[in-house]
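Next come the chains, spelled out residue by residue.
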Amino acid sequence: MSSEPIERRVSYIGDRLRGSQCTLCGKEYFRGKNYCGACGRKSFGKMKDIDFFYDQGVLEVSTIVNQPTNRFVKMGSYSYGIVAFHDGKTRVPGRLTDALIDCEQDDISCFDGKNVVPRFRRRYTVGESDVIPTVSLAFSVADGYYPHQKYEIHKPKKQYETPGIVGYGVYTSKFRIKEGNIERSVPFIDEDAVTAAVEAGKMALIHSGVDNELIGKIYVGSESNPYAVNPIASKVAQVLKLGKEEKTNFVQSIDAVDTEFACKAATSMFKDASALVHYPKSNISFAMAIGADNSQSAPRNEIGGELDHFVGFGGAAFIFGMQDIIAEVEGWYSCTSDTPDFWRRDMQAYPRHGGRFTGKPAYFKHVQKACKTLMDQLNLTVKDVDYFVPHQPNPRFPVRVAKQLGFNEEQFLPSIKVTKFGNTYSGAAPIGLAAVLDVAKPDQRIVLTSYGSGAGSDAYSFLTTKQILEKRTRQKFTVNHQIENEHLEYVDYHTYRRLKNGL
């Protein structure tokens, strides 16, 4: 069991690290308070909320917990310490996440004095009848894999006539497993689809410069929701404070919904988000669509274990709007059929797929149909397209379908990231789109075609604008940064399964 003082401290902050500050003397408190202990009665009505969610602190001192209590035993050994914010005005206890601790070899003091950033994570192991607890009292090193980035709201410069992408973000873990010619992102043990969705959404807000209160709708698509009943989207909306926060009853003024259509659960919502922000009577300026998965697979010695060679972890978030657009939505087309090529029945832990059935009558048929129809609708030829982004379930399918459609390597290779992150399911095609947006120039055309088992495809055409270059400087945590980072850690298969199964 956690100690009672820790439980109380966690209940003060919820999922977002915050405190309060006296506007008279400047004293800060690691909890919400309506008066200052130093200034007394005269401070009533003079306290203000402060938020550490996008701040950077200093790990002043830490220790190793190598004999965790029952709820933390799955974590193994971990580091716990004191983090100081605002030059020591506020000090909070917290766990160092994203660190595999070897008690016999690691000198934990090497972390002391380092800058750290707060992270939203699972807290500990719970039973089947418990709600999964989350917290932002977890930290990772700021000059490591995950850079510290300020979230700054920018005043809009330009109104567009058609909707498009205003900002985006991608999140994958620093951990990888490398087998043959494919690397795959592995979640740390306290990460899941919810944490990936939050991290990707956080990056999208930073990149867009959009006021989080102006997001009026959020869609989260996933195949690996930790709950069968209980949305991801409501948690993401609350952690990121999307929509106006009603402080009298603690709700966010935003419509939040989870979506499901296998790996196209997120791209299916791109058109809905675009339509919503374009319709003036919706009173919604911006909508966010996220695809995030801790892609499921059975162990290799079980039925369905062949998926275990390809699955990854990560997510991508996109904000749609009519202001300061980096890529306008030129058009879209979707198709579907009842093709049960991949499924997971109720109460089953892992999905199954139909072997060869997943190729020709499923993936290739729908991707080709969607892409060709969209291009016909827009009177486009292959030469009119600068980048092609296909869904990426494995290294072979996206390359083959791109060539079948007539695209050359310069058009499709910049988006193929399955060999770096694995198949991130609903995040796969969106991560490919983000990789292209990271390098695209103004006035270029990007065609994306996703695929979801069951089955269906969404095809979109995007036209980049001049503002894509202006916003590029705001994002340090690019797709390439997450591929070439010197702080990546490679794990063996046993560790991979332990981390992937989570708390």
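Our subject is the structure listed above.
Note that the structure is predicted; figures quoted are calculated from it, not measured.

Overview of the sheet that holds strand S9 (residues 159-171)
Okay, so step 1: Taken in spatial order, the nine strands of this open sheet run S15-S12-S16-S17-S9-S18-S23-S22-S21, and their pairing is mixed. Two strands bound the open sheet, and with one partner strand each, they are strand S15 (255-259) and strand S21 (387-390). Recorded for the sheet is a direction-independent mean angle of 25° between the axes of neighbouring strands.
Okay, so step 2: The sheet contact formed by S9 and strand S18 (residues 327-336) spans two bridges and is antiparallel. In the sheet register, Ile165 faces S18, and the bridge partner there is Ala327.

Topic: the packing of aromatic side chains
Okay, so step 1: Overall, the coordinates contain 26 aromatic pairs when judged by the stated rule.
Okay, so step 2: Measuring from ring centre to ring centre gives 4.8 Å for Phe52 and Phe85, while their planes differ by 45°; the resulting arrangement is tilted. One end of the pair, Phe52, is in the loop between strand S3 (47-51) and strand S4 (57-65); the other, Phe85, is in strand S5 (residues 78-85), and 33 residues separate them in sequence.
Okay, so step 3: On the basis of relative accessibility, which here comes to 0%, the residue Phe52 falls in the buried class.
Okay, so step 4: For Phe85, a relative accessible area of 0% translates into the label buried.

Focus on the sheet that holds strand S7 (residues 115-122)
Okay, so step 1: The strand order around the closed barrel built from five strands is S4-S5-S6-S8-S7, with neighbouring strands paired in mixed fashion. Shown here is a sheet whose adjacent strand axes are inclined to one another by a mean of 45°, direction ignored.
Okay, so step 2: Here S4 runs beside S7; their pairing, made up of two bridges, is antiparallel. What sits directly across from Val58, in S7, is Asn115.

A word on the pairing of S9
Okay, so step 1: Most of S9 is tucked away: 10 of the 13 residues are buried.
Okay, so step 2: Inspection of the sheet shows S9 paired to strand S17 (residues 313-323) by eight bridges, in the antiparallel sense. Considered in S17, the bridge of Gly169 is made with Ala317.

Notes on the pattern of salt bridges
Okay, so step 1: All chains considered together, the criterion is met by 23 salt bridges.
Okay, so step 2: The salt bridge involving Arg16 is made with Asp51; its shortest N-O contact spans 2.7 Å. With Arg16 in the loop between helix H1 (4-13) and strand S1 (18-22) and Asp51 in strand S3, the pair connects residues that are 35 residues apart, well separated along the chain.
Okay, so step 3: A relative accessible area of 8% places Arg16 in the buried class.
Okay, so step 4: The class of Asp51 is partly exposed, set by a relative accessible area of 30%.
Okay, so step 5: Salt-bridge contacts for Glu179 lead to Arg300; the nearest nitrogen and oxygen are separated by 2.6 Å. With Glu179 in strand S10 (residues 175-179) and Arg300 in the loop between strand S16 (286-294) and S17, this residue pair connects regions lying 121 residues apart in the sequence.
Okay, so step 6: Classification of Glu179 as partly exposed rests on a relative accessible area of 25%.
Okay, so step 7: Given a relative accessible area of 30%, Arg300 falls into the partly exposed group.
Okay, so step 8: A single salt-bridge network, built from bridges that share partners, covers Arg95, Asp98, Arg119, Arg121, Asp190, Glu191 and Glu199.

A few points about the state of the cysteines
Okay, so step 1: Evaluated as defined, the whole model comprises zero disulfides.
Okay, so step 2: Left unpaired, Cys39 is separated from the closest cysteine sulfur, that of Cys25, by 3.5 Å.
Okay, so step 3: The class of Cys39 is buried, set by a relative accessible area of 15%.

A closer look at the side chain of Ser185
Okay, so step 1: Within the fold, Ser185 resides in strand S11 (residues 182-186).
Okay, so step 2: There is a polar contact of 3.2 Å between the side chain of Ser185 and the backbone nitrogen of Ser173.
Okay, so step 3: Ignoring anything within four residues of it in the chain, the contact list for Ser185 reads Thr172, Ser173, Phe175, Arg176, Gly312, Phe313, Lys420 and Phe421.

What counts and what doesn't
Residues numbered from 1 in each chain as written. Predicted model: local features only at pLDDT ≥ 70, side-chain atom pairs only at ≥ 80, totals over all residues. Heavy atoms only, no water. Pairing = 2+ DSSP bridges. Helix = DSSP H or I, 4+ residues; strand = E, 2+ residues; numbered from the N terminus. Axes fitted to C-alpha atoms, helices over the stretch in contact; angles between N-to-C directions. Phe/Tyr/Trp six-rings, centres within 6.5 Å; stacked < 30°, edge-to-face > 60°. Buried < 20%, exposed > 50% of the residue type's maximum accessible area, 1.4 Å probe, protein only. Salt bridge = Lys/Arg side-chain N within 4 Å of Asp/Glu carboxyl O. Disulfide = S-S within 2.5 Å. Polar contact = N/O pair within 3.5 Å; in protein donor to acceptor, adjacent residues only side chain to side chain. Contact = heavy atoms within 4.5 Å.

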